[in-house]
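# Report on the structure
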Amino acid sequence: MLDLKQLKYFIVCAETGSISEAARLLYTTQPSVSKAIKALENDMGIVLFDRMPRGIVLTAQGKLTVMHAGL
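Here's what I pulled together on the structure shown here. (Residues numbered from 1 in each chain as written. Predicted model: local features only at pLDDT ≥ 70, side-chain atom pairs only at ≥ 80, totals over all residues. Heavy atoms only, no water.)

If you check helix 1 (residues 4-16), its first and last C-alpha atoms are 18 Å apart, about what 13 residues at 1.5 Å a residue would give, namely 18 Å. Looking at the packing, one finds that the buried side of helix 1 touches helix 2 (19-25), helix 3 (30-44), strand 1 (49-52), strand 2 (55-58) and helix 4 (60-68). The opening residue of helix 1 is D3, an N-cap whose side-chain oxygen sits 2.9 Å from the backbone nitrogen of K5. Taken from the residues just after helix 1, G17 is the one with a positive phi, measuring 70°. (Helix = DSSP H or I, 4+ residues; strand = E, 2+ residues; numbered from the N terminus. Expected span 1.5 Å × (residues − 1). Contact = heavy atoms within 4.5 Å. Polar contact = N/O pair within 3.5 Å; in protein donor to acceptor, adjacent residues only side chain to side chain.)

Right under this line is the structure:
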């Protein structure tokens, strides 16, 4: 089930390109943002981000999701 908090976390992660920076901006912890993103990916059945050594990058499905979110 889509959770608005997960969607908000996804949008901030997409904007910042960093889970830890998103956590800082959202006043929460990196593990809780990672968990929310992973749960969103599982719920949607797609991978939204490629995890890189220095941050995250939207996948093709992630870019489509951002477009559908209206960003």
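Moving on, there is more to tell.
A word on the pattern of salt bridges. As enumerated under the stated definition, the model contains three salt bridges in all. For the salt bridge of R24 with E21, the shortest nitrogen-to-oxygen distance reads 2.6 Å. You can see R24 and its partner E21 sitting in helix 2, three residues apart, about one turn around the helix. The exposure class assigned to R24 is exposed, which follows from its relative accessible area of 53%. (Salt bridge = Lys/Arg side-chain N within 4 Å of Asp/Glu carboxyl O. Buried < 20%, exposed > 50% of the residue type's maximum accessible area, 1.4 Å probe, protein only.)

The terminal C-alpha atoms of helix 3, which comprises 15 residues, lie 21 Å apart, in line with the 21 Å expected from a rise of 1.5 Å per residue. Looking at the buried positions of helix 3, the neighbouring elements they touch are helix 1, helix 2 and strand 1. Directly beyond the C-terminal end of helix 3, a positive phi value near 75° is found at G45.

Looking now at the environment of Q61. Along the chain, the position of Q61 falls in helix 4. Sequence separation between Q61 and A22 is 39 residues, and the spatial gap between their C-alpha atoms is 20 Å. Not counting the four nearest positions on each side in its chain, Q61 is found in contact with I46, V47 and L48.

Turning our eyes to something else, we now look at the nonpolar core. Generally speaking, soluble globular proteins have nonpolar side chains that are buried together. In terms of nonpolar packing, the biggest core is built from 18 residues, with Y9, F10, C13, L26, V33, I37 and F49 touching the most fellow members. Elements with a contribution of two residues or more to this core: helix 1, helix 2, helix 3 and strand 2. When residues in this core are grouped by element, the largest group, five residues, is from helix 1. Excluding residues that lie within four positions of it along the chain, C13 makes contacts with S18, I19, A22, V33, I37, F49 and I56. (Core = buried A, V, L, I, M, F, W, Y, C linked by side-chain atoms within 4.5 Å.)

Inspection of every chain in the model, using the stated rule, returns one aromatic pair. Pairing F10 with F49 gives two aromatic rings, centres 5.5 Å apart and planes at 55°, and the pair type is tilted. Residue F10 is found in helix 1, and its partner F49 is found in strand 1; the two are separated by 39 residues along the sequence. Accessibility assignment for this pair places F10 and F49 in one class, buried. (Phe/Tyr/Trp six-rings, centres within 6.5 Å; stacked < 30°, edge-to-face > 60°.)

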